[in-house]
Structures are given as C-alpha cells and as structure tokens.
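# A look at the structure
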Amino acid sequence: MHHRTRILDFAAISILATALAGELTLRAQTIPPRYEKPSPAILSVLDAPPPPEMRVSPSGDAALLYTPELYPSIYDLSRPMLRLAGLRMNPANNGAHNPPRFTGFALVRLPGGSQMKLALPAAGHFSAPIWAPDSAHFFTVDSGPRAVQLWIGDGRTGAVRVVAGIRLNATLGEPCRWMPGSRDLLCATVPAGRGAPPREPDEPAGPRVQQSFGKAAPQPTFEDLLQNNYDQQLFDYYATAQLELVRVAGGPAAPVGKPAIFGDFDPAPDGRHILVERIHRPYSYLVTVGSFPREVDVWTRAGRVAYHAASLPLEENVPLAGVPTGPRDFSWEPTAPATLVWVEALDGGNPRTKAAHRDKVMRVNVAQAQPGGAEPAPVEMFQLEQRFAGIAWGERGDFGIVLDFDRSHQRGRAFFFDPGDASAGLKLVWDRSLEDRYKDPGQPVERLLPGGHRAIVEDGDFIFLAGAGASPEGDRPFLDRFNRQTLRAERVFHCSADSYESFVALDAADGSKFVTRRESPSDPPNYFLRDASGASRQLSHYADPAPQLRKIKWQEVTYQRDDGVGLSMTLYLPPDYRPGERRPAVVWAYPREYVNAAVASEVAGSPNRFLTLRGYSELFFLLDGYAVLDNAAMPVVGNPETVNDTYVQQIVADAKAAIDKAAAMGAIDPGRVGVGGHSYGAFMTGNLLAHSDLFRAGIAESGAYNRTLTPFGFQNERRTLWQAPQTYLHMSPFMYADKIKAPILLIHGEADNNSGTFPIQSDRLYRAIKGNGGSVRYVTLPDEAHGYAARETIEDVLWEKLRWFDMWVKNPGAPETPAGGRN
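Quick notes on the rules
Residues numbered from 1 in each chain as written. Predicted model: local features only at pLDDT ≥ 70, side-chain atom pairs only at ≥ 80, totals over all residues. Heavy atoms only, no water. pLDDT = per-residue confidence, 0-100. Contact = heavy atoms within 4.5 Å. Helix = DSSP H or I, 4+ residues; strand = E, 2+ residues; numbered from the N terminus. Polar contact = N/O pair within 3.5 Å; in protein donor to acceptor, adjacent residues only side chain to side chain. Pairing = 2+ DSSP bridges. Axes fitted to C-alpha atoms, helices over the stretch in contact; angles between N-to-C directions.

### Some remarks on the confidence of the model for the protein
Any segment with low pLDDT has predicted coordinates that should not be analysed in fine detail. On average, the protein scores 93 in pLDDT, and the residues at 70 or more come to 95%. Below pLDDT 50 for its whole length, residues 1–28 participates in 65 contacts with residues either more than four positions away or in separate chains. Here residues 814–821 scores under 50 on pLDDT; set against residues more than four positions off or in separate chains, the count is 19 contacts.

### Brief notes about the side chain of Ser-732
You can see Ser-732 is positioned in the loop between helix 8 (725–730) and strand 47 (744–749). From its side chain, Ser-732 meets the backbone nitrogen of Arg-707 in a polar contact 2.9 Å long. Among the polar contacts listed, one links the side chain of Ser-732 to the backbone oxygen of Tyr-728, at a separation of 2.7 Å.

### Some points on the sheet that holds strand 11 (residues 137–143)
In space, the four strands of this open sheet follow the order 10-11-12-13, with antiparallel pairing throughout. In this open sheet, the two edge strands, each paired with only one partner strand, are strand 10 (130–131) and strand 13 (160–162). As paired elements, strand 10 and strand 11 share two bridges and run antiparallel to each other. Across the sheet, residue Trp-131 finds its bridge partner in strand 11, namely Phe-138.

### A few points about the sheet that holds strand 26 (residues 400–406)
Judged by pairing direction, the sheet is antiparallel, and its four strands sit side by side in the order 25-26-27-28 without closing on themselves. Of all the strands in the sheet, just strand 25 (387–393) and strand 28 (427–433) have a single pairing partner and so form its edges. Shown here is a sheet whose adjacent strand axes are inclined to one another by a mean of 20°, direction ignored. Inspection of the sheet shows strand 27 (residues 411–417) paired to strand 28 by six bridges, in the antiparallel sense. Bridge assignment links Gly-412 to a residue of strand 28, and that residue is Arg-432.

Shown next as structure tokens:
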C-alpha cells in the first residue's frame, strides 16, 4: 500500500508566532496531495531535449543515433509492479518495471555522415540498439503495455520490422543475445501455454520460518526481497522463460532446451555451445536473486548438456566484502571456439583470512566434450595474490590482461599474460591506488568479434588505451597507443584545454580514424569522426536546447581545509550575477573515503562541459538567484578500517572550508547558506545540521539516518555495529535529532530500491525531529525508487526544494508559514 501523505510540521511555534505578529493558526498536519510545478523558467529547461547517444557498428561503416526519454509520466511509473527477489517486474508485459527508453533512432553512414531516420512507432518504448557482430543488422526491444517485442533493423538500409509471434521475457535483464554468425538471436521468451498467474491464497498456509545454527551470516539490508510462499510462486511464474533461436531472415523460432529461470545465457564463439545458468529453489528471504542456487552448464544448440560446470548453493553465508566459495564469474574466451573460464577462491572467500593467494583462474576446452563420454578436465591458468577483478583478451588470442584488487589498501594491479603459454606467468604492468585518478592509464579499447564477444584491439605489438585524463586542470580525455613489449605509450589524441572531448570508438583498427564526443561551455555535445591528420567531420547536429543557460558562469575552485587536506568544488553563479555580489548559496555534496590526503586532494570534473540541467538537479537553484557550490569535496581520510571514527569531524571541516573559500571570493553570503545531498549525501546533510551551525537549512533526499538499521556495514564501513558501536551511534543523525535545529526538508521515494535507505529511515527521522521541537517537512513520493523519475515528481521535487530554501535560506529573517499551492 502506498502512503500518499504530505506532512508539514513547524514545532518551534513560539518563534513562528513572533514572526507572524503573535498570531498563528496551526494547520492540519495531513496535507491533501497534489503535484506542484516550479516556475515557467524552470519548466522550459525541463522541456529541453537531451543530446543523442551513439553506437558505432563493429565494421565501422555505420553508427546508430538514439535519444534517451528523460521523464516517464507518473501514469507510466505507477503501472502494476512486482517487487520480487531484488527485481522489479511489470506483470502486464513480463518485462522490467520502468526500463530505460529511447527515441529518435537514426542510422548514420560513415565516414560521410549522412543520416536516415528509422521508422519505429512513435508510441513505442524502445531499448538501446545492439549491433550484430557482422554489422548487417541490429535489434531493439519494445516494452509495450501488454508484451515485450523484438524489432530487427537492417544495418544498410535502416528498414526495421517487428518479429511477430515472439513475446520476450525481460524480467531478469536483456532478453536477447546475438549468435555467432549473426544469422540468429538467442532470446528468452514467455513459455507457450503458461496459463494464468498463481492466485493469492485467501489465508496463509502456515507461519514463515527461517533458521540459522551457529554460523555467522551477516547480510546487507536489501530491498524487494521475497516475503512468503506466494511471492515464491509469483517469482517462478514470471521469471521462468523458454530459450528460443530467432532467425533474422524470418521463419518459426526453434526452442532450445526446456523452460527454466535463466540467470544468464551466453553463446560460445563457435555458435554450437551455450553457457546457461539456471536458478532453482530453495530461495531466500535474506538475499536477492543473484545469490539463489543455480546450475551452471554448457548446452548444445539442441539444449542437451555438453558440460556441467558447477552446482552453486544458496549464498546466504558469504563473508562481508567476500566472495562465495566454488566457481564464479564464468565467461567465454573470445578467440577460442568454446573455452570456458572462471574463478575460484583460495581463501574461503573471506578477505580477513590470511592467504598467499586469494583466487585462481581456471579454464576448460568444452569443444573437446563428447556426448556420453568423460568430460574434459579443467586446468589452472594462474593464481592471484589479491581478489580477481576482471579479465580481458587480445583479439588475436596471443595475449590477455587480468586484474586483481586489494581492498585493504584500495590498490589495483594489471598483469599481461600469454593465453597459450601458462608457464610464462604473469607480467605486472600497472600497480596503483584506485583512488588516484591522475595516474589512471586508461582502459583497453575493445571491439566485437565475429564470434559475438568483445576483445582488445591489437595493432602489431600495440593496443589502445582510453581514459578520462584527470589532472590538476580538470579532466582532459585521451587515447593512447600502448606498446605491449616496451610498455610505453604514444598519445594519439588528447582533449584540448578549451573543450571536453572524449573517445567513443575506433573506426579503424590502426587508430587512424576514431569517433569522439565533443562539447564546450558554448557548444553542445556532438559526435565527430577524426583522422590521423587531425581533421574531423561532424556526425550529429544537436543544437543548444536551452540558450538561456549560457549566461551561467562557473569555475573549478581549489582550496584547503584547516588540516591542509586539499579540496575542490565547482562554483556556479546565477545568470544575473554581477561581480561583487554576495548571493545566498547552496552546498551540494557526497562524502567519499580516501586512504591518503594527496589522493583526496585531486581535482575532479572539467570546466569545459556544456551545461545542461536535468531532473531535480541542485543546479536549478541557479535559476532562482543562488550560487551553487557543487560537488564540494567531502573527503574522509584515514585507515580504511577506522576512517569513520572521525567522519563527523572531517565533513564539518570540509563544509566549513568550502563556505570560507566561496565567501573569501566575494561570491556568497556566508550567513545565507543551505546544504543538501542525495542518499549518502542526505546522510551527510543530517550530520552537518546536527553537528555544526554552518547552515540555515538543509535538504535530504532518500537518505539513511539510523545506522543501527544497517548493522552489517554501509558505504565503505567494514565493521559491524557490534564491532564499532560508538562509531555507528555517533554517525547516526537520528541519535542527534534533538540537535537538528536548522529546518530540514526530508524527501523519500515510497518505492526506494536501494540497499539500506528504506523509507522508514526518513519516517523515523521526521518523527524524532518533530518530537524534539525541530522544524521539519517530510515529503514522500508515490511509486518512486531511490532516484526519482516521473515528470510530475521531478516538477514537484524542484518546487519543494526551491520553496524550502527561499523561505529559510534566501530570506531567513522572516520565516513564515508557507502559503499558496500545497501548503
């Protein structure tokens, strides 16, 4: 049941009575719900279309442009939803609830840049397109009101058609994969003749029983878990799918195996084998579907088991920050016909266990399996001293990269290896702090192989690395040509100092042609085809949708807090700002933990981005006359095991430093500053109001405020409540509700799906502040998750936020009971 109550409470009645000339009528505390709208100036910006996205074909001779649909209506968002096993399902169409939607599809020919719009139905809710390995076709999925349907497009002509007779099952993720050869798609469909969904019983069959005997099993506080036997029946009904081979050329689809709940299915590069993970009972009321028991097998195209890889039990007892025992992280080696690769823990999966090596990487050649014969034996490739963090393969099959991760010190390493010679061992190439953005060498550039899997592009002894290019001057993305033998990099492309241009895709394997996305403070983002000479051709033509925003000015600002830790923020000034004015200000931030102060001091972001305002962004305060101290650095620096012992002191010092800097620049009035944040930023907001007097008011969106409700860790806290009770209590704004005297606006989605941020967190903080005489407004958003989506909700949240700070921050000398609109 949704609680559509809007609550307003001004407990400091004597103060308000004085402000209102001694006469105040206490209004009803339950306020009739309705959606409000912000000013026309803000609505016009919300109406501005977003820039398109682009996917280049594997052959490089075409690309697809498509535009995100930003805001579904509240009608769309409030369609029936099942919250089962950590998933959100739409029972009407057997798909995901509120999946991403795209429109404005166009086919772009390369290198010329000519465009052709695709004739997809305007009323469709289409997914991002997926190219076939041979680039001849692509597919997209339409999440319609009654069915999820498959559409196939021609990569040469742009012609598109719906595949009749196929009803996809998209409850567990992307429902289709391209088969090697690009002539077929392997799709999860709704089983034929499934029948009606199970009927909810009129009375329970008995009590719900869970038990545990003597073995520690700490778990995060997940949302949307199964609650009872009826939930299990619903999960079985909607998640069960039939795999089918759908021919691009048309004709009847061919079933593969029997219906099951498929956690994953992935064709091997030879097109004759399929990796299949089948989920089965017993289910859990404590963990999500990703931890349910499963059988991992390799099937033939006919659905027969060619190789049994693993029987994985329910994962309720995995150590905190650990991994399950037994095989995990299955994948295909992309350049071999059917070689299966996986990882196994050597330390019991427990990061606190001392071990010389934590993981080993295994593989087996499934192509050697013979029906009815002995299964091929897996072999160990190598062992890793730290936890496995990923593997990538060169496109020629002669080299690979494996990553490991040391959580204790936040360090990551990259090793080169030879897939054909395990005795050659691992060659350490990079060993760095994962917090250190300045030293990030970039990510290997990959391409889609004919076998349907991605691999690292190789050009002789060279590979390509693309990165964000973080630096003291801001981000300047790059593309490097990296020699695998000498380990030296040659810069192919580096973003100029007066724009922001990032690498998108190679259009030639030798790096002589590639696609970028370029923008600047005055130029909207568009895609370009570059060549080795430096010449470029514009491929998209997105115009400035909101010219009124160009009057907004901003700069990246660096400064220090009292203990010398370097900090940074982006200082935005409103369109009508004149030098020397001290404006009311908003500090918006999100705390992050760091091992050392030097890394915490690094500058993030770029001063050369094209400014767009989306959703319920804090930057909309600029259109109401505020300065905004955005992404104000809130580092919490120290030993990862104990860093939160000084969390409160550090964020207060961070906030004070940001205000002091902006005030010293003459841009803000330090006596009129509000603070806000989302999720962990909302948690920060509650703490800043409880432990400092820096702010006139606060806005906290979808936060967690009582850490005893997340007793087995939160964010990067590694200790449990019972190991560090004082830290948990001291970090909880709920425990200091009597100290929160600055007015605070609490906003929370009623269908929050984020671990730890149950709506009860905001509900209980509201009651605590109210009970202790504070000033608080509590707004709950029907049908909204952790992030807010519906257009009506977005408008209402902006109205709430702007109105709250106008009352308490911009004009703090004369607070008044809100009048007009929903009050």
